Amino acid sequence: MPKNSNELELPIVQWPLFMLAGKVFIAKEYAVLSFLSHTSQDDLWLKITRDEYMKYAVEEVFCSIRYILTSILENEGRKWLDCVYKKIGEMLENKEVSKYIDFRNLENVISRVTAITDILKKDETPDLRTGVIEAIEDLYVAVHDGFIPLEIFIRENFTEWDDMCKSRWNGQLFATFKWPKEPYLIEMVKRLHYLLTIKESEASIPKNLEARRRLQYFTNSLFMRMPPAKPVYEMLSFSVFTPYYSEIVLYSLAELQKKNEDGISTLFYLQKIFPDEWKNFLSRIGRDENSQDSELFDNPNDILELRFWVSYRGQTLARTVRGMMYYRKALMLQSYIEKIQSEDPGAALNGNPSTETQGFELSPYARAQADLKFTYVATCQIYGKQKAEGNAEAADIALLMQRNEALRVAFIDEVETIKNGKPSTEYYSKLVKADFHGKDREIYSIKLPGQPKLGEGKPENQNHAIVFTRGNAVQTIDMNQDNYFEEALKMRNLLEEFEENHGLHKVSILGVREHVFTGSVSSLASFMSNQETSFVTLGQRVLSNPLKVRMHYGHPDVFDRVFHITRGGISKASRIINISEDIYAGFNSTLRQGNITHHEYIQVGKGRDVGLNQIALFEGKVAGGNGEQMLSRDVYRLGQLFDFFRMMSFYVTTVGFYFCTMLTVLTVYIFLYGKAYLALSGTGESIQVRADILGNTALKTALNTQFIFQIGISTAVPMILEFILEQGSLLAVVSFTIMQMQLCSVFFTFSLGTRTHYFGRTILHGGAKYRATGRGFVIRHTKFAENYRLHSRSHFVKGMEVIVLLVVALAYGYNSGGANGYILLSIGSWFMALSWLYAPYIFNPYGFEWQKTLEDFRDWTNWLIYRGGIGVKGEESWEAWWDEELSHIHTLRGRILETILSLRFFIFQYGIVYKLDDSNSTSLSIYGASWAVLAVLFLLFMVFGLNPKSMVHLQLLLRLLKGTVFLLVLAAIAVAVATTSLSIIDLSACVLAYIPTGWGILSIAVAWKPAVKKLRLWQMVRSLARLYDAAMGMFIFVPLVIISWFPFMSTFQTRLLFNQAFSRGLEISLILARNNPNPGI
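Below: a short report on this structure. Think of each chain on its own: its residues are numbered from 1, step by step along the sequence as written. Only residues with pLDDT of 70 or above have their local features reported here, since the model is predicted, and side-chain atom pairs are shown and tallied only from 80 upward, although totals for entire chains, interfaces and linings are computed over all residues. To get the side-chain values, all heavy atoms of the structure are used, and hydrogens and water are removed first.

**Things to note about the overall build of the protein chain**
Part 1 of the argument: Regarding its fold elements, the protein chain presents 51 helices and ten strands.
Part 2 of the argument: Contacts were defined at the residue level, with two residues in contact if any of their heavy atoms lie within 4.5 Å. Excluding contacts between residues fewer than 6 apart, the proportion of contacts in the protein chain whose partners are at least 24 apart in sequence is 78%. Here a helix means four or more residues in a row that DSSP labels H or I, a strand means two or more in a row labelled E, and each is numbered from the N terminus.

Printed below as a string of structure tokens:
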């Protein structure tokens, strides 16, 4: 903030340097232009003062030069300086500056002053003293040789200037001076030097984008409405609570050096993503910025610091602990300052050096106050087991406790005992800290009545350790979060919200804004970050006030600790139904007459998934959990107790979003099936012709409205509004345009399918489950088979269905507008289908590289053919994966619903067979004949699907049978084409009809798996399913092969994925090209 120390006695306000940087150079250009254009002094000053900070910069430079030179010069030298400044003052007063001063030489004067300050900011030496004298001499020449003519001074005071000129010729004018020794004077010299040398504008200072963002948010937040903070000794005490299972605590040296399949190590990746921070790190540990990595590996201390540097840029427990410990550091600083001000109330106002905060961390009083008000508990559920097994995670957790004395670790300890002659296991909830020797010291141990893990694990991890927290409030923090020191300073203000009046009921949960710090990694990460930011700001702001339906959507909300531990805790732990355990804390709080608020003047960092597969798994988990919420008693009770308007608001904030998302996709399906019905029944043309004759445009209007639903752009509206609020309209348009160029619409449309699939599956069958997403750096290529396994049933099958519907509408439908009409009506559906099919490969690093494509094909065919066996995982065999995909169908209700939904696939065969050239009749016998043909096809499939290994002695006969049948089939097709009116197009139409029918039969068969197995038809069904997956995979794979054949497509994809990083001057291209210049890796 601006300040003016009384020791300097300057008539100016000193603003932060980054706000004044570059202003002096702009003012100099204004002065030169005014001289050349003969502009008056008033006009020049008016132009400068239009920029308030330029005015401050000019005034500070003018006054600082005088103060510094007056402080160091003596005798004749100081007399010369006084005469110059006196004359300039008279010129300013008489408005004669433009008349006598030649601003074209101002550049020389500034350069001479810069030379003086550059020497004075160093320690005194004889050579430097000589350099200062020479630099001041040069300044004398620059001032009087063109800038301000010497004749002006001599004419008014000849005698005095004659003495000064004689002293100068004798070398005595500046021979004696004092080297600046006072700290404030040294700081003033440095500040003046920076003002005259830093040319970057405030828009590029600091250079680090993250530092700039933090400063911008912090300064903006100071103008937001927040309650005043009480002194530290009067504030509410609080705890921070972090659940941890087995995620990464601290990256090991081996993990930093380990290269992925593309030759990229984590260390090399981070060096390229954060080049400025890497240079700063090398500087902090005393290394040259060009040091090789191998040099760091020779020093154990450097290795440890390197591990922490990397871990602080990932989603690790070490980063979370460092961020949360800023609370303690902030409280220590604040209590230290308060103590000093209480001892000397005028210290802060008078600028007394006693208010300096250096060494506050060593103050016993500050440390005691911070420890009284703050506790940090990391509940590491299996820490005891990890420690017993000697895992690296346990050693890293112990290291964190040693480096952070306020950190406490809670865990569940399993103790094997003998009771009544039988082995028994006892469970204890324990809390430990690091002692003086770095060993674990047990603080509390509570015997539990039995196995505590009853549900998904995370809720129990929180519930068993909540008793170890203390204070009035508890903040829940996930282990992939971060915090910032400047935000920790505002925690006292946030806790005062518990005492504020926020409505009828007392506040029970304080909502806190999140900043997604993984948004700069790639375009996908930025999409996820922007989407998340719109929800945690604009969305939750409205939900909190005026709707009053904000719930607890996850960390980092602050709970009223006493309110919640006396009302069931902060997590519900029932298996499956409470898969999204966080939101049930909000349900519970609201049902028990709590009040949940949202505050945006403080924020906490949050890591999100940065790869498409990670994002899909996360959204699948959340969508499945939302489906389970629809079945929960909590939502039922809230719906019963809310008034109508609050109930509708609650619907929007919980199940309504996912339900409407599903309706959006269902709208597209209903529209396309309606178009298919109009096309296949032939009524579409007659209706349209009749409407055209009568001039009725209702049908066209109804058909055109579907375009709005297809795009799904409504999901991006909150994000656009948040852009406008946070950045302004112009920057919002630019940001959204860049996102569109990065194919954000493809991503959002793909996410639409993800949410619809998992939400719909949970509604039909239940059984939502936790899906581990992983929190590492996504810098590897995902194989085709892996993408296929993950997205086949959620996107690929549905995308193929939409394409078949669009092809039917194109082949048999009537479009009064011709090709243009069809395109306008179907472009949204085509976009959705292609996004669902190809988004996983568009957003996949190396997705279009030829060599990777060939490797993916071999891997996919091996996975497809391998039959597997007992203990084989779905990642290794298609058969094992297929069985896993069918596990959700296990109830009679689910089987019946799947059967009913599968009946839609039979509409194609029923309609298309009557569209063949040979079908002049509408008799049902034609439809029956089509089923007879289909039965023959199934028999042929059974013949060709016979396994030679099961008929060892009849292999020759089997081959002969297959060959004969194949020739007969070809002959039958040829005869049918030659003797009937069937054409090749008709045969293609038959394929179009039978593919959906076969899939419908397959879907019904897998729904009734036990019955099909009893009929001994399961092997045929499995073979048919394999054939469909192989065909669908080839349909997706062929375009990828064609695109990969063009080398420039891989470069284009790299730019697409990492465009934001490129715009920041990063070197992702080196990474993806495997150009590793670091020999130490």
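**Remarks on a positive patch on the surface**
Part 1 of the argument: Put simply, a patch holds well-exposed residues, over 30% relative accessible area, that have no salt bridge, with like charges counted together within 9 Å and Val, Leu, Ile, Met, Phe, Trp or Tyr side chains within 5 Å. Using a 1.4 Å probe, accessible areas were evaluated by the Shrake-Rupley method; residue-level cover was limited to the displayed protein chains. Any Lys or Arg side-chain nitrogen found within 4 Å of a carboxyl oxygen on Asp or Glu counts as a salt bridge. In this tally, Asp and Glu contribute negative charge and Lys and Arg positive charge; neither His nor the terminal groups of the chain are included. Each charge is placed at NZ for Lys, CZ for Arg, CG for Asp and CD for Glu. A surface patch of positive charge is lined by Arg567, Arg592, Arg633 and Arg637.
Part 2 of the argument: With respect to the element layout, Arg567 can be found in the loop between helix H28 (561-565) and helix H29 (581-591).
Part 3 of the argument: Owing to a relative accessible area of 30%, Arg567 belongs among the partly exposed residues under this scheme. Only protein chains enter the accessibility calculation, which uses a 1.4 Å probe; a residue is then buried when its area is under 20% of its type maximum, exposed when over 50%, and partly exposed in between.

**So, the packing of aromatic side chains**
Part 1 of the argument: Here a pair means two rings of Phe, Tyr or Trp (six-membered ring of Trp) with centres within 6.5 Å. Their orientation is stacked below 30 degrees between planes, edge-to-face above 60, and tilted elsewhere. Enumeration over the complete set of coordinates arrives at 43 aromatic pairs.
Part 2 of the argument: Both rings, one in Phe281 and one in Trp309, keep their centres 5.7 Å apart while their planes meet at 35°; by these two values the pair is tilted. Placement of Phe281 in helix H15 (residues 275-284) and of Trp309 in helix H17 (residues 300-311) is noted, with a sequence separation of 28 residues between them. Across this residue pair, the class does not change: Phe281 and Trp309 are buried.
Part 3 of the argument: Cluster of aromatic residues (ring-pair linked, three or more members): Phe784, Tyr788, Phe796, Tyr841, Phe857, Trp860, Trp863, Trp881 and Phe1037.
Part 4 of the argument: Lysine NZ or arginine CZ positioned within 6 Å of the ring centre and within 35 degrees of the ring normal marks a charge as sitting over the ring. A cation over a ring is seen here: Lys339 above Tyr365, with NZ or CZ 5.7 Å from the ring centre.
Part 5 of the argument: Above the ring of Tyr428, the side-chain terminus of Lys430 is found at 5.8 Å from the ring centroid.

**Some remarks on helix H39 (residues 818-842)**
Part 1 of the argument: Here H39 spans only 32 Å end to end across 25 residues, well under the 36 Å set by a 1.5 Å rise per residue.
Part 2 of the argument: A residue's bend is given by the angle between axes fitted to the 7 residues ending at it and the 7 residues starting at it. The sharpest bend along H39 reaches about 55° and sits at Ser826. A helix's residues, less one, multiplied by 1.5 Å, set its expected span.

**Details of helix H3 (residues 41-49)**
Part 1 of the argument: Burial in H3 covers these residues: Gln41, Leu44 and Ile48. Each buried residue of H3 sits inside an arc of 65° when the element is viewed along its axis, so together they form one side.
Part 2 of the argument: Those residues of H3 that are buried are in contact with helix H2 (23-36), helix H4 (52-72), helix H5 (75-94) and helix H6 (97-100). Here the arc refers to the set of directions running from the helix axis out to each C-beta atom.

**Some remarks on the side chain of Arg1022**
Part 1 of the argument: Mapping Arg1022 onto the fold places it in helix H48 (residues 1018-1044).
Part 2 of the argument: Engagement of the side chain of Arg1022 in a polar contact is seen with the side chain of Glu879, the distance being 3.4 Å.
Part 3 of the argument: In this view, Arg1022 contacts Trp878, Glu879, Trp882 and Asp883; residues no more than four positions away in its chain are not counted. Between N or O atoms, a polar contact is any pair within 3.5 Å; within protein, one atom must be a potential hydrogen donor and the other a potential acceptor, and residues adjacent in sequence are included only when both atoms are from side chains.

**Concerning a negative patch on the surface**
Part 1 of the argument: A contiguous patch of negative charge, built from Asp288, Glu289, Glu295 and Asp298, is present on the exposed surface.
Part 2 of the argument: Exposure remark for Glu289: the relative accessible area of 45% places this residue in the partly exposed category.

**Some remarks on the sheet that holds strand S8 (residues 507-516)**
What links the strands of a sheet is backbone hydrogen bonding, and the strands pair in either a parallel or an antiparallel sense.
Part 1 of the argument: Two strands pair under a simple rule: DSSP has to find at least two bridges between them. Strands sit in the order S5-S4-S3-S2-S1-S6-S9-S8-S10-S7 across an open sheet of ten strands; the sheet is mixed. The open sheet has two free edges, formed respectively by strand S5 (440-448) and strand S7 (481-482), since each of these has just one partner strand.
Part 2 of the argument: Relative to strand S4 (residues 422-434), strand S3 (residues 407-419) is paired through eleven bridges, and the arrangement is antiparallel. Each residue of the ladder has a partner; that of Ala410, found in S4, is Leu431.

**Concerning the nonpolar core**
Part 1 of the argument: To define a nonpolar core, start from buried Ala, Val, Leu, Ile, Met, Phe, Trp, Tyr and Cys residues and group those joined through side-chain atoms within 4.5 Å. Judged by nonpolar contacts, the single largest core of 82 residues is most densely connected at Phe747, Tyr788, Phe843 and Trp882.
Part 2 of the argument: Sorting elements by how many residues they give to this core places helix H38 (residues 784-812) first, with 13 residues.
Part 3 of the argument: For Phe747, the contacting residues outside a window of four places in its chain are Leu524, Phe527, Met528, Gln531, Leu612, Ile615 and Phe843.
Part 4 of the argument: The next biggest cluster of nonpolar side chains, apart from the first, holds 56 residues, and it includes Val321, Ala378, Val409 and Ala473.

**Digging into the environment of Val872**
Part 1 of the argument: Within the secondary structure layout, Val872 lies in the loop between helix H40 (850-865) and helix H41 (878-885).
Part 2 of the argument: Residue class for Val872 comes out buried when judged on its relative accessible area of 18%.
Part 3 of the argument: For Val872, the residues in contact, after removing those within four places along its chain, are Tyr866, Ser877 and Ala880.

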